[in-house]
Amino acid sequence: MKRSWLELVAGPFHASWRAGLGWAIAFAVFIISTVAFWPPFRDSPAMSTGIEEMLKLFPSSMLEAFGLDDFDTAAGYLRGGLYEVLVPLMFAAAGVMFASAAMASEEDSGRLELVLAQPVTRQALFLGRAAAVFAWLLVLGVVVLVSQLGSDAVFDLDIGVDCIVGTTLRCT
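Everything numeric here is computed off the predicted structure, so don't read it as measured data.

**Q** How would you explain the side chain of Ser 151 if you had to name every residue and give the values?
**A** By secondary structure assignment, the location of Ser 151 is in helix H10 (residues 122-154). Given a relative accessible area of 4%, Ser 151 falls into the buried group. A polar contact is formed between the side chain of Ser 151 and the backbone oxygen of Gln 148, at a distance of 3.2 Å.

**Q** Can you break down the pattern of salt bridges residue by residue, with the values?
**A** The final tally for this structure, using the stated rule, is one salt bridge. The residue Arg 79 makes a salt bridge to Glu 84 at a minimum N-O spacing of 3.8 Å. With relative accessibility at 28%, the residue Arg 79 sits in the partly exposed group. On the accessibility criterion, Glu 84 (33% relative accessible area) is partly exposed.

**Q** Run through the packing of helix H8 (residues 86-109) against H10, naming residues and quoting values.
**A** Contact geometry of H8 with H10 gives a least axis separation of 10 Å together with a crossing angle of 145°. The way H8 lies across H10 gives a crossing that is right-handed. When H8 is examined against H10, the residues Phe 91, Ala 94, Gly 95, Phe 98, Ala 99, Ala 102, Met 103 and Glu 106 are found in contact with a partner set consisting of Leu 125, Arg 129, Val 133, Trp 136, Leu 137, Leu 140, Gly 141 and Val 144. Within the contact of H8 with H10, the residues separate by chemical class into 12 nonpolar, two polar and two charged.

**Q** Help me get a handle on the packing of aromatic side chains, residues and values and all.
**A** Taken as a whole and assessed by the stated rule, the structure comprises five aromatic pairs. Here the aromatic rings of Trp 23 and Phe 27 are separated by 6.1 Å at their centres, their planes lie at 40°, and the arrangement is tilted. Here Phe 27 and Trp 23 lie together in helix H2 (residues 17-36), a separation of four residues that amounts to about one turn. Their ring planes at 35° and their centres at 4.8 Å tell us that Phe 27 and Phe 91 sit as a pair that is tilted. Placement of Phe 27 in helix H2 and of Phe 91 in helix H8 is noted, with a sequence separation of 64 residues between them. In this pair, the class of Phe 27 matches that of Phe 91, namely buried. Ring pairing ties together the aromatic residues Phe 13, Phe 98 and Trp 136, which thus form one cluster.

Definitions and limits used
- Residues numbered from 1 in each chain as written.
- Predicted model: local features only at pLDDT ≥ 70, side-chain atom pairs only at ≥ 80, totals over all residues.
- Heavy atoms only, no water.
- Helix = DSSP H or I, 4+ residues; strand = E, 2+ residues; numbered from the N terminus.
- Buried < 20%, exposed > 50% of the residue type's maximum accessible area, 1.4 Å probe, protein only.
- Polar contact = N/O pair within 3.5 Å; in protein donor to acceptor, adjacent residues only side chain to side chain.
- Salt bridge = Lys/Arg side-chain N within 4 Å of Asp/Glu carboxyl O.
- Axes fitted to C-alpha atoms, helices over the stretch in contact; angles between N-to-C directions.
- Left-handed = near helix turned anticlockwise from the far one by under 90°.
- Contact = heavy atoms within 4.5 Å.
- Nonpolar A, V, L, I, M, F, W, Y, C, P; charged D, E, K, R; others polar.
- Phe/Tyr/Trp six-rings, centres within 6.5 Å; stacked < 30°, edge-to-face > 60°.

Note that every value here comes from positions in space, so none of it alone points to a role or purpose.
Here is the structure:
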């Protein structure tokens, strides 16, 4: 029984390795490039006057919804620029893509009938595919965490590790 579960999870996980690698690279580049913009953004003259004045024009509830209430700090910049909207949307898109690929690719190629003809319940098949999708999302979460921690060290951002880990877990 253990072997069949391993096959039900490892098969779809392995079949999505190209997409997983692409998403991992996209997440890493996106995080590193966003963090790289913080030092020049922080030191710009517009940061001290223009952005603060512009943010005062918006209602406080809107600023909180988009994570812009403390945009003048490194943590607020990353929260508003990445972790409130964009990274969760990227995780959702990746999850939908992995889930779709897990079932649709085998159905298109005609292999799904062969899998269902085996002594495997549909529930076990679905749970195996779902586990593979969650495994890929976990891998991407680790990529986000490592990219954020590494780029924080390179670009000298002073954000607590516990804050980064917590934010990454909430996004994943």
